[in-house]
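# Structural features, examined
Residue-level listing of the chains:
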Amino acid sequence: MSNIPSDLKYTKSHEWVKVQGDGSLLIGITEHAQDLLGDMVYVEVPEVGRTLAAEEACAVVESVKAASDVYSPAAGEVIESNDALADSPETVNTDPYGAGWLMKLRPADADATEHLLDAKAYSAYVESEQH
Amino acid sequence: MSNRTPLYSQHVAMGGKMVDFAGWEMPLNYGSQLEEHRQVRADVGMFDVSHMTIIDLEGGAARPFLRRLLANSVDSLQHAGQALYSCMLNDDGGIVDDLIVYFMHDDWFRMVVNAATRDKDLAWIRKQANGFDVEINARDDLAMVAVQGPNACARLCDTLTDISADRLRSMAAFTAMQAGELFIARTGYTGEDGFEIMLSAPGAVTLWQRLHDHGVAPIGLGARDTLRLEAGMNLYGADMDERVSPLEAALSWTVAWEPADRAFIGRAALERQRADGVAKKMVGLVLQGRGVLRNHQKVVGDAGDGEVLSGSFSPTLARSIAFARVPMATGAEVEVEIRGGMVPARVVKAPFVHNEKLCLHNGM
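Counting of residues starts from 1 at the beginning of each chain's written sequence and follows it residue by residue. Each chain takes a letter, starting from A, and each ligand takes a number, starting from 1, following the order in which they are written. With the structure being a predicted model, the display of local features is reserved for residues of pLDDT at least 70 and the display and counting of side-chain atom pairs for 80 or more, all residues being used for whole-chain, interface and lining totals.

### What to know about the overall build of chain B
Within chain B, the secondary structure is distributed over nine helices and 21 strands. Relative to the compact-globule value of 21 Å for 364 residues, chain B shows a C-alpha radius of gyration of 20 Å, a close match. Expressed as lengths along the three principal axes of its C-alpha atoms, the size of chain B is roughly 60 × 50 × 40 Å. By residue count, 44% of the 364 residues in chain B fall in the buried class. In this text, helices come from DSSP runs of H or I with a minimum length of four residues, and strands from runs of E with a minimum of two, each type numbered from the N-terminal end. Put simply, the radius of gyration uses C-alpha atoms, and a globule should come to 2.2 Å times the residue count raised to 0.38. Residue burial is a threshold on neighbouring C-beta atoms within 10 Å of the residue's own C-beta, all placed from the backbone, with 20 or more meaning buried, 12 or fewer meaning exposed, and counts in between meaning partly exposed.

Here it is in structure tokens:
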């Protein structure tokens, strides 16, 4: 079973969201997602200032196996992108919840994460997908 | 239907991520495909290739039959153990499959063909063998383990203590020998030195374990694919199929035109193609921008559009490489449509990497 931290929120498309102290959202892909994709060779993060709709394709993580879109878990504006991943995409494999984060979003709505899954629900979802 | 090789339990025990490949449950990787790739380039690794189809051709007419069946000439095989890479063509010159054939003695040749084409190949070969004194036997009793990398010979010598190290070391590339239960060939699909060993199922389990005890790491199909792509080796199904001839698949070098009276299957069609000229050629691409080349992406060049065939990320070059089929007049620069954008790529001659050396001769 892969690592699913209890303090994060999740989507069914395997993104994780961490609500920061200032209300912004830190976003990445889950350990389960990176495991499915395999070794990352290319990561494209959105430009700072871009406005995203919820569930809009906003980043690309490409492994030796396949390219995969990353969908924004909430509507908002990109306020920071992890440019370091351009040179070290493997960080998404080795530290998906830490240095492998993709972007920081200022959410359009205060309750932007309400509809997201908690760790328990995401865990159950991953489990159900495997059967 | 899903087949398992005799090494299935070993793969699972070693952490293999099992996937379906041509109806076989095979290890994609054992953790990291990139690390496995680098392991083979720098040291040595072992592959379970038991899914490949081993076919013995036995009988007095084995050689005349292969003269007809194969586009390359088995008459270049004169000494026991010599091996040859060839295509097997249909009447239109299209590639039915690519294979390696080993000459063991006048009544015995062995072929290794692809797993995905097994049934089609056997039916084709049996049909063509009509009227020849030759028996076609699929050796489903045999497993196959490949040991590849610059240290393959040294590590195999350490492992196979029943066989003298001198015998293994003195084997020339592209030759094979039968040593007791083991059929050992100095061949492979990685661009490195190495061996492919055919043996019984229990023998394979023992060999796998002993190689592992000697520090040889297991390598999955993922790294096998990027290793062969870097080495400039075609993959049947991705780079060629029955709709293309060897002349359109960068395999002209495997067609033996001489002697002119050798009537191999597909010869007439190939000769017409040679006389008229083919419209497309297969080339190597090195992506200049970011992204990864993948099968079926559109290639746009000064001479018209083409298509990406095998494409992936080259761990050795740290950028994306691919084969592509493009119009014959295509120059040195093209663009590839990747996820809606046009990314420049350089047209090069494969191999991209050979025996640990980057092939920079064509200005990648």
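### Structural notes on the sheet that holds strand S9 (residues 142–148) of chain B
Residues and elements named next belong to chain B. Ordered in space as S10-S11-S12-S9-S3-S13, the six strands form an open sheet in which the pairing is mixed. The sheet is open, and its two borders are formed by strand S10 (176–179) and strand S13 (217–218), each paired with just one other strand. Paired strands are those between which DSSP finds at least two bridges. Two strands pair when backbone bridges link them, and S10 and strand S11 (residues 182–185) are joined in this way by four bridges, in the antiparallel orientation. Across the sheet, residue Ala176 finds its bridge partner in S11, namely Ala185. Across the face of the sheet, helix H5 (residues 152–159) comes into contact with S9 and strand S12 (194–200) while running at roughly 130° to S9. Whether two residues are in contact is decided by their C-beta atoms, placed from the backbone, lying within 7 Å. With axes taken as lines fitted to C-alpha atoms, and helix axes fitted only over the stretch in contact, angles between N-to-C directions fall between 0 and 180 degrees. Its contacts with the sheet place helix H7 (residues 201–213) against strand S3 (45–48), S9 and S12, and it is angled at close to 140° to S12.

### Quick look at the environment of B:Gly341
Topologically, B:Gly341 is positioned in strand S19 (residues 341–348). For the pair B:Gly341 and B:Leu84, spaced 257 residues apart in sequence, the C-alpha to C-alpha distance is 42 Å.

### As for the interface of chain B and chain A
In this complex, chain B contributes twelve residues to the contact, which on the side of chain A involves seven residues. When contributions to the side of chain B that touches chain A are tallied by element, the ones reaching two or more residues are helix H2 (33–42), helix H8 (221–230) and strand S16 (304–314) of chain B. Each residue is assigned to one class: nonpolar for Ala, Val, Leu, Ile, Met, Phe, Trp, Tyr, Cys and Pro, charged for Asp, Glu, Lys and Arg, and polar for all the others, Gly among them. Taken together, the residues of the side of chain B that touches chain A sort by class into three nonpolar, seven polar and two charged.

### What about the packing of H2(B) against H8(B)?
Residues and elements named next belong to chain B. Close contact between H2 and H8 brings their axes to 8 Å; oriented N to C, the two are set at 55°. In terms of their interaxial angle, H2 and H8 are classed as oblique. For the element pair H2 and H8, the recorded crossing hand is right-handed. Residues Gln33, Glu36, His37 and Val40 of H2 pack against Gly222, Ala223, Thr226 and Leu227 of H8. Its residues assigned to classes, the contact of H2 with H8 comprises three nonpolar, four polar and one charged. Working definition: roughly parallel below 35 degrees, roughly antiparallel above 145 degrees, roughly perpendicular at 65 to 115 degrees, and oblique for all remaining angles. Each crossing gets its handedness from the near helix: less than a right angle anticlockwise from the far helix is left-handed, clockwise is right-handed.

### Details of the environment of B:Asp107
By the element assignment, B:Asp107 lies in the loop between strand S6 (95–105) and strand S7 (108–113). Counting along the chain gives 42 residues from B:Asp107 to B:Gly149, while the straight-line C-alpha distance between them is 33 Å.

### Notes on the nonpolar core
All names here are of chain B. A set of buried residues qualifies as a nonpolar core if it consists of Ala, Val, Leu, Ile, Met, Phe, Trp, Tyr and Cys joined through C-beta atoms within 7 Å. Grouped together as the largest cluster of nonpolar side chains are 127 residues, with contacts concentrated most on Val101, Met144, Val145 and Val147. Per-element accounting of this core gives the leading share, seven residues, to S6. The contacts of Val145, once residues within four sequence positions are left out, are Met46, Asp48, Ile197, Ala204, Leu207 and Trp208.

### Examining unusual backbone geometry
Residue and element names in this part refer to chain B. Pro259 follows Glu258 through a cis peptide bond whose omega is -5°. With respect to the helices and strands, the residue Pro259 is situated in the loop between H8 and helix H9 (267–276). For the peptide bond that leads from Ala350 to Pro351, omega is 5°, which places it in the cis range. With respect to the helices, strands and loops of the structure, Pro351 is situated in the loop between S19 and strand S20 (353–354). One non-glycine residue, His296, lies in positive phi territory at about 80°. Its location among the elements puts His296 in the loop between strand S14 (280–287) and strand S15 (298–301).

### A closer look at the confidence of the model for chain B
Confidence of the prediction at every residue is given by pLDDT, a number between 0 and 100. Put simply, chain B has an average pLDDT of 96, and 97% of its residues get 70 or more. Two summary scores accompany this predicted model of the complex, namely pTM at 0.93 and ipTM at 0.85.

### Some details on the environment of B:Asp141
All names here are of chain B. Tracing the backbone through its elements, the reader meets Asp141 in the loop between strand S8 (135–138) and S9. By C-beta crowding, Asp141 is classed as exposed, having 10 other C-beta atoms within 10 Å. Spatially, the C-alpha atoms of Asp141 and Val19 are 23 Å apart, while their sequence positions differ by 122 residues.

### Thoughts on H5(B)
All names here are of chain B. For H5, the complete set of buried residues consists of Ala152, Leu156 and Thr159. On an axial view of H5, the arc spanned by its buried residues comes to 60°, and they lie on one face. Buried residues in H5 make contact with S9, helix H6 (165–169), S12 and H7. To be clear, the arc concerns the directions from the helix axis to the C-beta atoms.

### Some details on the sheet that holds strand S2 (residues 15–19) of chain A
Residue and element names in this part refer to chain A. Strands sit in the order S1-S2-S3-S9-S8-S5 across an open sheet of six strands; the sheet is antiparallel. Edge positions in the sheet fall to strand S1 (9–10) and strand S5 (51–52), since each of these pairs with one other strand and no more. Direction of pairing for S2 relative to strand S3 (residues 25–29): antiparallel, over a ladder of five bridges. Note that in S3 the partner of Lys18 across the bridge is Leu26.

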